[in-house]
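# Coordinates in review
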Amino acid sequence: MSKLRTTFFCQNCGANSAKWVGKCPSCGEWNTYVEEVVQKEKEEVAAWKPSGLPARNVPRRIQDIKGEKLDRYSSKDGELDRVLGGGIVHGSLVLIGGEPGIGKSTLMLQIAVQLSEKKVLYVSGEESLQQIRMRADRIGIKSDNCFLLSETSLGEIFNQIGGLEPDILVIDSIQTLHSSHLDAAPGSISQVRDCAAQLMRFAKESDTPVFLIGHITKEGSIAGPKVLEHMVDTVLQFEGDRHHIYRILRTTKNRFGSTSELGIYQMQEDGLREVANPSEILLSADNDNPGVAIGSTIEGNRPLLIEVQALVSPATYGTPQRSTTGFDVKRLHMLLAVLEKRMGLRLGIQDVFLNITGGIRVDDPSLDLAVCAAVFSSYQDMAIPREICFIGEIGLGGELRSVNRLENRIKEAEKLGFKQVYLSASKEKLTQQVIQHPHKTLRAVFEDLFG
Ligand code: TYD
Ligand code: MG
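Residues numbered from 1 in each chain as written. Chains lettered and ligands numbered in written order. Predicted model: local features only at pLDDT ≥ 70, side-chain atom pairs only at ≥ 80, totals over all residues. Heavy atoms only, no water.

Before going further, it helps to examine the site of ligand 1. Around ligand 1, a shell composed of 15 residues is seen, among which Gly101, Ser105, Thr106, Gln268 and Gly271 lie nearest. Between Gly103 and ligand 1, the recorded distance is 3.0 Å, taken from a backbone N or O atom to an oxygen atom. Burial of ligand 1 by the surrounding chains reaches 76%, relative to a free accessible area of 560 Å². Elements with a minimum of two residues in the shell around ligand 1: α2 (104-114), α3 (129-139) and β13 (262-268). Among the elements that make up the shell around ligand 1, the one with the highest residue count is α2 (three residues). The class makeup of the residues in the shell around ligand 1 is three nonpolar, six polar and six charged. (Near = heavy atom within 4 Å. Polar contact = N/O pair within 3.5 Å; in protein donor to acceptor, adjacent residues only side chain to side chain. Areas by Shrake-Rupley, 256 points an atom, 1.4 Å probe, with all protein chains shown as cover. Helix = DSSP H or I, 4+ residues; strand = E, 2+ residues; numbered from the N terminus. Nonpolar A, V, L, I, M, F, W, Y, C, P; charged D, E, K, R; others polar.)

Once that is clear, we can look at α2. An α-helical segment advances 3.6 residues per turn. Residues three or four places apart therefore align on the same side. Of all eleven residues in α2, eleven are buried, a share of seventy percent or more. Along α2, the residues that are buried comprise Lys104, Ser105, Thr106, Leu107, Met108, Leu109, Gln110, Ile111, Ala112, Val113 and Gln114. (Buried < 20%, exposed > 50% of the residue type's maximum accessible area, 1.4 Å probe, protein only.)

Take the packing of helix α9 (residues 368-380) against helix α11 (residues 442-450) next. At a minimum axis separation of 11 Å, α9 and α11 run at an interaxial angle of 55 degrees. By the angle class used here, α9 and α11 are oblique. Viewed along their axes, α9 and α11 form a crossing whose handedness is right-handed. Residue-level contacts link Leu369, Cys372, Ala373, Phe376 and Ser377 of α9 to Leu442, Val445, Phe446 and Phe450 of α11. When its residues are assigned to classes, the contact of α9 with α11 shows eight nonpolar, one polar and no charged. (Axes fitted to C-alpha atoms, helices over the stretch in contact; angles between N-to-C directions. Parallel < 35°, antiparallel > 145°, perpendicular 65-115°, else oblique. Left-handed = near helix turned anticlockwise from the far one by under 90°. Contact = heavy atoms within 4.5 Å.)

Moving on to the domain arrangement of the protein. With domains assigned, the protein is organised as domain 1 (4-39), domain 2 (72-276) and domain 3 (280-450). For domain 2 and domain 3, the distance between their C-alpha centres works out to 37 Å. The interface of domain 2 with domain 3 comprises 16 residues on the first partner and eleven residues on the second. For the pair domain 2 and domain 3, the two sides together bury roughly 1,100 Å², of which 52% comes from carbon and sulfur. (Domains from an automatic or database assignment. Buried area = accessible area lost by both parts, 1.4 Å probe.)

A cis amide bond, omega 0 degrees, links Asp172 with the succeeding residue Ser173. A positive phi is found at Asn31, a non-glycine position, where the angle reads about 55 degrees. The phi dihedral of Glu165 is positive, around 50 degrees, even though this residue is not glycine. Looking at where Glu165 falls in the secondary structure, it is placed in the loop between α4 (154-164) and β9 (168-172).

Looking now at the sheet that holds strand β1 (residues 6-10). With respect to topology, three strands assemble into an open sheet ordered β2-β1-β3, the strand pairing being antiparallel. Only two strands of the sheet have a single partner each, and these edge strands are β2 (16-17) and β3 (33-37). Taken together, the two bridges between β1 and β2 define a ladder with antiparallel strand orientation. Residue Phe8 lies in a different strand from β2, and its bridge partner there is Ser17. Against the sheet, helix α5 (residues 189-206) makes contact with β1, β2 and β3, and its axis sits at roughly 90 degrees relative to β1, the strand it touches most. (Pairing = 2+ DSSP bridges.)

To continue, consider the packing of α2 against α3. The geometry of α2 relative to α3 is characterised by a closest axis approach of 10 Å and an angle of 70 degrees between their N-to-C directions. Judged by the inter-axis angle, α2 sits roughly perpendicular to α3. Residues Ser105, Thr106, Leu109 and Gln110 of α2 form the contact with α3, whose participating residues are Ile132, Arg135, Ala136 and Ile139. When the residues that make up the contact of α2 with α3 are grouped by side-chain class, the tally is four nonpolar, three polar and one charged.

Below, the structure is given as structure tokens:
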């Protein structure tokens with residue numbers, strides 16, 4: 001027996017230390033260190049062993065290495081192809097994170113059965129084969145080439161891979177795997193890291209794409225594994241509001257493509273459907289109540305029209321409330337302060353509620369003007385005509401700042417039938433059909449809009 005060895009790991013960032021520490025010196029979190037056993041076993045354990053590799057790896061001149069174009073193939077899912085940067089890359093390790101119940105298993109199973117000409121091995125440590133079969137029936141696509149395995153031991157998974165030789169491997173989820181190299185519990189930092197490292201080696205050496213599903217912590221990061229994010233080639237976040245049907249697949253890291261891509265799906269009774277024209281569905285049909293404003297934003301590389309709803313009402317309890325869904329509450333505080341100081345609105349005695357419709361989250365600052373317009377409209381109880389759209393970031397002085405890719409944003413608004421756009425005055429020559437109202441300040445916008 002080898003000696004029992006333990007190490008303390010930060011459950012937040014994966015840093016380790018021989019002794020327990022209260023505050024992680026690496027990420028600054030408190031009370032995150034947990035002791036894990038990292039005993040090396042003496043006996044032979046199944047691990048990925050490459051075959052046919054050169055006996056020794058030697059340095060090679062960069063010029064001698066063939067710079068072929070990345071070898072990709074389509075996943076038969078337009079949105080996934082888009083976020084991966086054009087398709088599945090051979091030998092890539094992709095991590096898909098998301099909250100429980102958002103649809104990660106559904107998405108991966110759907111890809112697995114859709115790609116019927118590839119041999120896909122779907123390994124689940126969370127659900128029984130019957131449950132997965134029932135889900136596949138629900139999705140309603142049949143494939144003769146999709147294999148299921150209910151297993152949590154990584155060694156056993158590698159044994160099965162040896163016999164089956166799949167073209168694609170899906171692991172649902174990385175937190176359920178355990179490697180017999182270590183004694184730590186499944187889901188602990190050391191297990192997750194070790195399993196991911198072995199899967200990485202497998203992906204690179206066998207040239208097989210591997211998809212890992214990962215859980216997300218309350219704080220929204222992929223559980224434990226900040227370490228994981230460093231190791232894998234691509235990190236995709238599957239997000240959305242569980243009570244809405246829309247889901248967004250976002251690239252947060254991609255070694256093979258851009259990180260500003262976005263895929264949009266609709267969760268239906270029979271699986272996930274791609275959404276070809278997201279703007280249309282994010283706008284409610286005919287809402288001309290006070291407090292509603294439409295902004296044109298860019299999410300990823302796609303222009304997207306977003307409906308902002310605000311409700312401003314007198315605060316009945318001591319401290320006024322500010323609450324948002326889909327928008328950063330700190331940014332709302334800032335915008336309310338600008339409205340109060342520069343426009344003289346008395347918002348200090350009002351509750352303010354802000355909603356982005358459709359259950360999606362927006363970080364694009366060009367939505368500022370639409371947010372202010374919605375708040376102003378609700379405060380004054382005056383509706384904004386439905387044919388108007390807003391584009392602009394707002395500075396602390398109440399000035400309108402220009403935003404990038406104005407042309408695309410206006411085009412999207414035009415496409416959806418908007419007749420007028422309020423935006424910042426810029427030097428860019430714009431040639432669209434819609435009536436443009438360029439302004440320098442928030443005050444000028446509202447004077448023009450409400451007279
Ligand atoms: P699931 O893939 O199990 O989520 P995750 O793996 O991220 O935890 O998806 C769970 C939800 O999706 C579940 O609440 C049911 C719903 N769903 C549908 O609405 N339609 C479908 O066709 C399927 C398969 C699931
Ligand atoms: Mg699942």
